[in-house]
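Chain by chain, the residues run as shown.
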Amino acid sequence: MMDNIEKPTYSSIDFHADDLLCSNPQQNQDEQSSSSLDETPSSIGSPGKYLIVVSRIERAWAHWTKLGCPKFIVAPMVDNSELPFRMLCRKYGAEAAYTPMLHSRIFTENPKYRSEEFTTCKEDHPLFVQFCANDPDTLLEAARRVESYCDYVDINLGCPQRIARRGYYGAFLMDNLPLVKSLVEKLALNLNVPVSCKIRVFPTLEDTLKYAKMLEEAGCSLLAVHGRTRDEKDGKKFRADWNAIRAVKKELRIPILANGNIRHMEDAQNCLEETGADGVLSAETLLENPALFAGFRTADWVAGNENEYVDGKVDQADLVVEYLKLCEKYPVPWRMIRSHVHKMLGGWFRLQPQVREDLNAQSRLTFEYLYSLVDRLRELGVRVPLHQKDTSAARDSAEVVAI
Ligand SMILES: Cc1cc2nc3c(=O)[nH]c(=O)nc-3n(C[C@H](O)[C@H](O)[C@H](O)COP(=O)(O)O)c2cc1C
């Protein structure tokens with residue numbers, strides 16, 4: 001973890017308690033490595049390193065294999081896939097993770113943004129650091145600052161939000177493929193780590209395949225495909241198109257990750273089988289259930305099959321406590337912590353809405369308050385278990401067959 005996290009000095013204009021880091025990073029310095037994001041960017045790798053196509057594809061696979069071919073991956077999430085959350089998900093089965101999207105220009109210009117929005121530690125691998133960008137030189141400058149901390153520098157080509165339209169990045173670059181090509185080429189030619197991209201699909205398969213092929217040829221070493229179009233913003237309303245992902249996997253030679261519709265491990269396994277993808281990303285469901293990749297599921301995904309599942313003996317309050325301990329170790333802005341507590345305990349708050357209201361009334365959070373909030377829910381008798389497949393039943397039936 002970087003040692004340059006400064007205590008923020010806020011002007012009265014932009015002060016907001018939730019933007020403060022959750023503890024004084026000085027306390028954590030012993031656990032942090034001495035490297036700094038503010039050092040001069042590392043030297044440029046030999047130009048053309050990733051250019052020669054055949055050897056680049058081989059390198060892409062060699063790199064992926066060296067990382068252990070991770071299959072279950074935490075998707076990039078602004079304000080939500082920060083270090084403590086990644087570490088929690090890794091403990092519960094995630095084999096790799098993306099940082100939240102970082103804005104390449106702000107990252108190059110603003111030390112406070114850098115030190116608060118990007119933190120990592122030596123166990124935080126494999127790691128994708130994701131940037132949004134629309135200028136190749138700025139992107140390269142930002143990427144050089146993080147390349148020695150990560151396994152891929154990723155370009156966000158999928159963000160469909162209004163802010164991305166205004167800033168001209170993410171999925172809005174699908175209207176300017178020459179610019180996308182120049183971003184990928186710039187990194188592929190000049191970085192020491194491979195470049196990956198995360199895309200959305202076009203409305204037609206033909207356009208999607210052309211796009212994906214262009215990215216591979218430009219030097220992309222790994223492609224994550226979110227199987228929804230730019231206009232299909234609501235993940236609950238629109239199912240991701242796994243057929244399009246399968247077609248991309250067939251067409252390209254680099255590792256492909258599938259994204260969309262992963263709500264539990266059975267979805268993950270089905271998606272890997274149906275698309276042939278090398279791994280899957282999950283986002284929204286992980287926020288509610290960071291133990292998804294360890295085989296736990298929330299009641300929503302057990303409904304109708306209750307007899308096949310048992311209480312997993314881990315619940316979201318346990319996970320919140322583990323998450324808070326990680327936040328004490330790896331400080332992050334309070335707004336991120338607040339967001340995770342709401343998402344993980346959403347089901348619990350529905351049963352005890354006054355506890356949620358009390359949380360909302362706190363303009364400044366403390367760890368003491370948050371631990372006591374969990375205790376209060378428990379004292380009120382609330383418990384919403386996470387469920388696991390009843391393997392003892394499966395074993396029993398296997399024994400019956402064996403007899
Ligand atoms: C809170 C939140 C923040 C997100 N931020 C990013 C981001 O920073 N970069 C990105 O490429 N996608 C971002 N996404 C999109 C997810 O990575 C993912 O592509 C999308 O949610 C579909 O996956 P899902 O069906 O598992 O939720 C975000 C999604 C959520 C829910």
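Residues numbered from 1 in each chain as written. Predicted model: local features only at pLDDT ≥ 70, side-chain atom pairs only at ≥ 80, totals over all residues.

**Overview of the overall build of the chain**
What the chain contains, in helices and strands, is 17 helices and 11 strands. Contacts in the chain between residues at least 24 apart in sequence constitute 74% of all its contacts with a sequence separation of at least 6. (Helix = DSSP H or I, 4+ residues; strand = E, 2+ residues; numbered from the N terminus. Contact = placed C-beta atoms within 7 Å.)

**Considerations on the confidence of the model for the chain**
With 86% of its residues at a pLDDT of at least 70, the chain reaches an overall mean of 88. For residues 25-36, every residue scores under 50 in pLDDT, and the model assigns this stretch 16 contacts once sequence neighbours within four places are set aside. (pLDDT = per-residue confidence, 0-100.)

**Some details on the nonpolar core**
Ranked by internal contacts, the top residues of the largest apolar core, which has 108 residues, are Ile73, Phe131, Val153, Val184, Leu187, Leu223 and Val280. With six residues, helix 7 (residues 177-190) is the largest single contributor of residues to this core. Counting the residues that make up this core, at least three belong to each of domain 1 (53-294) and domain 2 (301-388). With residues near it in sequence (within four places) discarded, Leu187 still touches Leu139, Leu140, Ala143, Val153 and Val195. (Core = buried A, V, L, I, M, F, W, Y, C linked by C-beta atoms within 7 Å. Buried ≥ 20, exposed ≤ 12 C-beta atoms within 10 Å, placed from the backbone. Domains from an automatic or database assignment.)

**Quick look at unusual backbone geometry**
Negative phi values dominate among residues other than glycine, just as trans dominates among peptide bonds. With an omega dihedral of -15 degrees, the bond running from His125 to Pro126 counts as a cis peptide bond. Turning to its location among the elements, Pro126 is positioned in the loop between helix 4 (111-117) and strand 4 (127-132). The backbone of Cys69 shows a phi angle near 45 degrees, a positive value even though the residue is not glycine. Take Cys69: it is sitting in the loop between helix 1 (53-66) and strand 1 (72-74). The exposure class assigned to Cys69 is partly exposed, which follows from the 14 C-beta atoms found within 10 Å.

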